[in-house]
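The residues making up each chain are set out below.
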Amino acid sequence: ESITGEIDILEVFNGRNITPKNNQQALTFSNRMNIPGAVGSDSHSRGELGRTYMIIDDIPTVQNLKKQVEQGSRVEKLVNPLLFLSPSINKLKKRL
């Protein structure tokens, strides 16, 4: 908590978390410290794309990103756990 003044935005939802616990902890911390919360899909395969994202009103820039996140909407969907196998399957396909 000693560095919270240095944090502009915090990821409060990661679509690849297996359980919601880590996402909930991040959201609780973000709310308690008044840090805008963003989301990340952390996609590793096509099946994961477009499940978790931010809806914002303008093209983000260094100057407006924090405001865009504060005012934006979060779309949060956890990935199907079977998709965690996709990177390994893709590596195997390349070897064959």
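Look above for the structure.
Below or above, wherever it landed, is the structure these notes cover. (Residues numbered from 1 in each chain as written. Predicted model: local features only at pLDDT ≥ 70, side-chain atom pairs only at ≥ 80, totals over all residues. Heavy atoms only, no water.)

Topic: the side chain of N14
Tracing the backbone through its elements, the reader meets N14 in strand β1 (residues 10–14). A distance of 3.5 Å separates the side chain of N14 from the side chain of E11, its partner in a polar contact. Among the polar contacts listed, one links the side chain of N14 to the backbone nitrogen of R16, at a separation of 2.8 Å. In this structure, N14 is in contact with N23, G40, S41, D42 and L78, ignoring residues within four places of it in sequence. (Helix = DSSP H or I, 4+ residues; strand = E, 2+ residues; numbered from the N terminus. Polar contact = N/O pair within 3.5 Å; in protein donor to acceptor, adjacent residues only side chain to side chain. Contact = heavy atoms within 4.5 Å.)

Some points on a nonpolar patch on the surface
A cluster of nonpolar side chains, L82, L85 and I89, forms an exposed patch at the surface whose accessible area comes to about 300 Å². On the secondary structure map, L85 appears in the loop between β4 (73–75) and α3 (86–95). (Patch = residues over 30% accessible without salt bridge, like charges linked within 9 Å, V, L, I, M, F, W, Y side chains within 5 Å. Areas by Shrake-Rupley, 256 points an atom, 1.4 Å probe, with all protein chains shown as cover. Salt bridge = Lys/Arg side-chain N within 4 Å of Asp/Glu carboxyl O.)

Regarding the environment of V75
Summarising the element assignment, V75 is placed in strand β4. In this view, V75 contacts V39, R51, T52, Y53 and I55; residues no more than four positions away in its chain are not counted.

Looking at the pairing of strand β2 (residues 37–40)
Neither face of β2 is left uncovered, since the one carrying G37 and V39 and the one carrying A38 and G40 both have all their residues buried. In this view, the connection linking β1 to its parallel neighbour β2 by way of helix α1 (residues 21–33) has right-handed handedness. (Buried < 20%, exposed > 50% of the residue type's maximum accessible area, 1.4 Å probe, protein only. Right-handed = clockwise from strand over helix to strand, strands pointing away.)

Some thoughts on α1
Spanning 13 residues, α1 covers 18 Å between terminal C-alpha atoms, matching the ideal 18 Å at 1.5 Å per step. Taken together, the buried positions of α1 are occupied by N23, A26 and S30. The buried residues of α1 all sit within an arc of 65° when viewed along its axis, so they share a single face. Away from the buried face of α1 by more than 90 degrees, exposed residues K21, N31 and R32 are located. For α1, the elements touching its buried residues are β1 and β2. Of the residues flanking the end of α1, it is N34, one or two places downstream, whose phi is positive at about 60°. (Expected span 1.5 Å × (residues − 1). Arc of directions from axis to C-beta.)

A word on the pattern of salt bridges
As enumerated under the stated definition, the model contains 1 salt bridge in all. Of the charged contacts, one joins R74 and E76 as a salt bridge, the two residues approaching to 3.0 Å between their closest N and O atoms.

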